[in-house]
Amino acid sequence: MNKLNLELESILKIGKVTSVKGRYVEVLVDKSKNSSHLLFNGEIIKNVSVGSYVKIAKGFEELIGKIDGEFIVEDKGVQDKSYLHEKERIKRILNISLLGYFQKKKFKQGIKELPLIDNECYLLTQVEFDRVHHFIKEINGVDDIPLRIGNLASEKGKSIRVGINSLFASHIGIFGNTGSGKSYTLASLYNALFEEFQGKDGFHENARFLFFDFNGEYSFGDCLSSEKRVFNLSTRKKLEDIDDKDKLPINEETLLDIELLSILASATEKTQKPYLTRAIKLFKNVQKSDEPLEFFRNILKKKVREVLKMADKDKALALLDYLIVIVGDDALHSELFQQIEWHNTLHFFKLRNGVSRELTDDEIEATPIYVECENYEFPENSLEKIINFLYTQLIIDVYNDKAFYEHIGPAVHKLQSKTTDLEKIIDFKSRHSNVFNDSNIVVVNLNDTNIDIKKIIPLILSKNAYQKQKKRYKKDNKQYLNLIVDEAHNILSYNSERESSTWKDYRLETFEEIIKEGRKFGVFLTVASQRPSDISSTIISQLHNYFLHRLINNKDIEAVERTISYLDKVSFDTLPILPTGSCVLAGLCAQVPVIIDVDKIEEGKEPHNETIKPTDFWE
Ligand SMILES: Nc1ncnc2c1ncn2[C@@H]1O[C@H](COP(=O)(O)OP(=O)(O)OP(=O)(O)O)[C@@H](O)[C@H]1O
Ligand SMILES: [Mg+2]
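Conventions adopted
- Residues numbered from 1 in each chain as written.
- Chains lettered and ligands numbered in written order.
- Predicted model: local features only at pLDDT ≥ 70, side-chain atom pairs only at ≥ 80, totals over all residues.
- Heavy atoms only, no water.
- Axes fitted to C-alpha atoms, helices over the stretch in contact; angles between N-to-C directions.
- Helix = DSSP H or I, 4+ residues; strand = E, 2+ residues; numbered from the N terminus.
- Parallel < 35°, antiparallel > 145°, perpendicular 65-115°, else oblique.
- Left-handed = near helix turned anticlockwise from the far one by under 90°.
- Contact = heavy atoms within 4.5 Å.
- Nonpolar A, V, L, I, M, F, W, Y, C, P; charged D, E, K, R; others polar.
- Salt bridge = Lys/Arg side-chain N within 4 Å of Asp/Glu carboxyl O.
- Buried < 20%, exposed > 50% of the residue type's maximum accessible area, 1.4 Å probe, protein only.
- Domains from an automatic or database assignment.
- Buried area = accessible area lost by both parts, 1.4 Å probe.
- Polar contact = N/O pair within 3.5 Å; in protein donor to acceptor, adjacent residues only side chain to side chain.
- 1 Å grid on protein atoms, 1.4 Å probe; cavity = no way out; pocket = protein on both sides within 12 Å on 5 of 7 lines; lining within 4 Å.
- Points joined across faces, edges and corners; volume = space filled by probe spheres on them.
- Phe/Tyr/Trp six-rings, centres within 6.5 Å; stacked < 30°, edge-to-face > 60°.
- Lys NZ or Arg CZ within 6 Å of the ring centre and 35° of its normal.
- Pairing = 2+ DSSP bridges.
- Patch = residues over 30% accessible without salt bridge, like charges linked within 9 Å, V, L, I, M, F, W, Y side chains within 5 Å.
- Areas by Shrake-Rupley, 256 points an atom, 1.4 Å probe, with all protein chains shown as cover.
- Lys, Arg positive; Asp, Glu negative; His and termini not counted.
- Charge placed at Lys NZ, Arg CZ, Asp CG, Glu CD.

Colleague: For the packing of helix H9 (residues 292–307) against helix H14 (residues 382–399), give the residues involved together with the corresponding values.
Modeller: Contact geometry of H9 with H14 gives a least axis separation of 11 Å together with a crossing angle of 40 degrees. With respect to H14, the axis of H9 lies oblique. Relative to H14, H9 is oriented so that their crossing is left-handed. For the pair H9 and H14, contact is made by Phe296, Ile299, Leu300, Lys303 and Glu306 and by Asn388, Phe389, Thr392, Ile395, Ile396 and Tyr399, respectively. Taken together, the residues of the contact of H9 with H14 break down into seven nonpolar, two polar and two charged.

Colleague: Give me the pattern of salt bridges: which residues, what numbers.
Modeller: On inspection of all chains with the given rule, the structure shows 37 salt bridges. Residues Lys106 and Glu138 are paired through a salt bridge, measuring 3.8 Å at the closest nitrogen-oxygen approach. Of this pair, Lys106 sits in strand E8 (residues 106–109) while Glu138 sits in strand E10 (residues 138–139), and the two are 32 residues apart along the sequence. Judged by relative accessible area, which is 41%, Lys106 ranks as partly exposed. Residue Arg531 is joined to Asp556 by a salt bridge in which the shortest nitrogen-to-oxygen separation is 3.3 Å. Within this pair, whereas Arg531 is found in the loop between strand E23 (523–529) and helix H19 (537–541), its partner Asp556 is found in helix H20 (residues 554–563), the two being separated by 25 residues in sequence. Given the relative accessible area of 1%, Asp556 is considered buried. Residues joined by salt bridges that share partners form a network here, namely Lys13, Asp30 and Glu120.

Colleague: Give a detailed account of the domain arrangement of the chain, specifying residues and quantitative values.
Modeller: As far as domains go, the chain holds domain 1 (3–132), domain 2 (162–241 + 439–605) and domain 3 (253–354 + 361–427). In this structure, domain 2 and domain 3 have C-alpha centres spaced 43 Å apart. Every contact between the two is made by 20 residues of domain 2 and, on the other side, 17 residues of domain 3. Summing the contributions of domain 2 and of domain 3, the shared interface buries around 1,500 Å²; its carbon and sulfur component is 65%. Viewed at the interface, domain 3 and domain 2 are joined by two salt bridges. Residues Asp257 and Lys463 are paired through a salt bridge, measuring 3.7 Å at the closest nitrogen-oxygen approach. Put simply, domain 2 and domain 3 have three residue pairs in polar contact (both at pLDDT 80 or more) between them. Take the side of domain 2 that touches domain 3: its biggest share by element is seven residues, from helix H16 (residues 451–475). A breakdown of the residues in the side of domain 2 that touches domain 3 according to their chemical character gives eight nonpolar, seven polar and five charged.

Colleague: Account for empty space enclosed by the protein, naming residues and giving values.
Modeller: Under the counting rule described, the total for this entry stands at two cavities of 30 Å³ or more. In this structure, the largest cavity occupies an estimated 100 Å³ of space. Taken together, 13 residues form the lining of the largest cavity, with Ser433, Val435, Phe436, Asn464 and Ala465 sitting closest to its centre. When contributions to the lining of the largest cavity are tallied by element, the ones reaching two or more residues are strand E15 (207–213) and H16. No other element matches the six residues that H16 contributes to the lining of the largest cavity.

Colleague: Go over the packing of aromatic side chains, please, and point to the residues and values.
Modeller: Summed over all chains, the structure comprises 22 aromatic pairs. On the basis of an interplanar angle of 80 degrees and a centroid distance of 6.3 Å, the ring pair of Phe102 and Phe107 is categorised as edge-to-face. Take Phe107: its relative accessible area is 6%, and that puts it in the buried class. Ring centres of Phe203 and Phe209 lie 5.7 Å apart, and the angle between their planes is 40 degrees; this geometry places the pair in the tilted category. For the pair Phe203 and Phe209, a shared accessibility class is recorded, and that class is buried. An aromatic cluster is defined as three or more aromatic residues linked by ring pairs; in this entry it consists of Phe168, Tyr190, Phe194, Phe197, Phe203, Phe209, Phe211, Tyr480 and Phe524. Cation over ring: Arg229 sits above Phe231, and NZ or CZ is 4.0 Å from the ring centre. The positively charged end of Lys385 is found above the aromatic ring belonging to Phe378, 4.6 Å away from the centroid.

Colleague: With reference to specific residues and values, describe the pairing of strand E18 (residues 340–343).
Modeller: Side chains on a regular strand alternate between the two faces of the sheet. As paired strands, E18 and strand E19 (residues 348–351) are joined by four bridges and run antiparallel to one another. In the strand pairing of E19, Glu341 is matched with Lys350.

Colleague: So what's going on with a negative patch on the surface? Which residues, and what values?
Modeller: Taken together, the side chains of Asp329, Asp330, Glu335 and Glu372 present a region of like negative charge at the surface. Inspection of the secondary structure assignment puts Glu372 in helix H13 (residues 368–374). Under the relative-accessibility criterion, Glu372 is labelled partly exposed at 33%.

Colleague: Which residues make up the pairing of strand E6 (residues 61–74), and what values go with them?
Modeller: Two elements, strand E5 (residues 53–58) and E6, share six bridges in a ladder whose sense is antiparallel. Paired with Lys58 across the strands is Glu61, a residue of E6. Between the antiparallel neighbours E5 and E6 lie two residues, among them Gly59 with a positive phi of about 60 degrees. Pairing of E6 with strand E7 (residues 90–103), which is carried by 12 bridges, proceeds in the antiparallel orientation. From the neighbouring strand, Val73 faces E7, where its bridge partner is Lys91.

Colleague: Explain the sheet that holds strand E14 (residues 172–175) to me, and be specific about the residues and the numbers.
Modeller: In space, the 11 strands of this open sheet follow the order E13-E12-E26-E25-E24-E14-E23-E22-E15-E21-E16, with mixed pairing throughout. Edge positions in the sheet fall to strand E13 (159–163) and strand E16 (229–234), since each has one partner strand and no second. For this sheet the average axis-to-axis angle between neighbouring strands, irrespective of direction, equals 20 degrees. Summarising the sheet, strand E22 (residues 480–485) and E23 pair through five bridges and their orientation is parallel. If you follow Leu481 over to E23, its bridge partner there is Val523. Strands in contact with H16 are E15, E16, strand E21 (441–448), E22 and E23; relative to E21, the strand with the most contacts, it is inclined by about 165 degrees.

See the structure below:
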């Protein structure tokens, strides 16, 4: 060892291990090191302080720990204290938690060995410090591609780079109070990623990103990417003012999902959901036949014949009404009843001014309603088409006494009442359900939609994209899908009293499945939320990487604490006092949790979320 190294070692050595309790170690600091800074080679080195790292030498092993806290005790060994400097009279003890070790000049996370009493403890040199903060891992023998995301907060000049694969092939959680910088961090991360890969063919072909933008923060200008495709959904505008390109393509096949229809129709579990299931089955059966239209017309015609011969007036009139909804309108109603009427004492339909007898088959076939059934065409709009099938199933069920129309009718009415809103945001004439047709980066702007739509659309799209991705991935395992949900409490809240069980099932099926199984199909989720305590713990606990901004509420901190057990005490304690734009990064992509200042976003690319300065408008 040369002179410099010896000097360095004596300067950096701070004390000795005095107690080892599992991964928690106590170190007694040498009395000469009790000042806040040390001088070495003309440079000031920061001395031991809470939050900094230390190295413990055990033979040739170098164990790395973080200082969680420190305390002092009176040094009983010193006899005459009166002439001594304060720092000579005390013992200074550090609480250290072990994090990892150095192996072949690389930092490895985890505990391989525990130190022994009297092992020496050192401050880290700059090189060693950099080693601890070098987060780029090898994957299959090749270094991951680094992406700069910010600076270390405690050391301004130190960039933090993470491996793109260890961050973006993972589920990410971004949490923090309002205004703490979550949306900004989210935009900064994805902005950096897209800049790196924009213009590369493989990226456009194989990677898909779907952003749900509840507040319209990412939908403007060049935020995230200049090549994104934005769907500016609106339930406030008038239908005729909405461009088809701002509607989501969702086709028949996607709509024919029992859970989805049940939610749209607010269907009850016991009676309405089974009825919807039957209606979907009817739809599929008709669709499967050689001539679907003929098949369906025949069903309708048969029902007209049956209904016009029924003996229960109320039921017959109600069923006629439903048939009229399918094939005609009010005009058909009055036309029909100009021709036929109900015979009150004999209980059947007869021709007006005709003799008192039941209608003959020929007479029925001449009624305007029968003629309409013969000429029936499927509506171009897939929602209208489905509603026609719902009415048909309703007629079949009521006719066969399988259900009362009072019981199942409301489901159809509910669905119908939503058609106006749904038609504003969904292009039901679309033959495909692929939002990624124009770009691999899609932002769905939900800012101008009502609450119902805000809840349902992310679910429909996510589920659809997930199912498609599964198929794509099985064929070609290069495919990648990332779903990004800012303000995730809108759809992932743990326990909303108002939600029905159907809604919960659907959500569980979608997001919890993505969290649990998505990785196997190249599907990853990024969620950002103000209230981690509100979000289902199944989801929070399965995230791989966390960006924790300022969190003040105890419940939220606890929710995070419960799930990220490896987060050290210092990082926890800083959560309530983090400044805007700083966050704790913890998880797979960072071998030690670090506090970072997230990188600024280029002007014009920031999300639209500036906090207003009211006094600017008060002069
Ligand atoms: N790293 C940063 N650098 C510069 N400014 C930032 C940074 N992070 C956040 N800000 C600014 O702080 C403000 C609040 O940030 P942001 O909107 O991201 O907070 P949020 O946590 O998403 O809040 P909310 O929960 O209300 O959506 C914004 O004006 C944003 O521009
Ligand atoms: Mg936000």
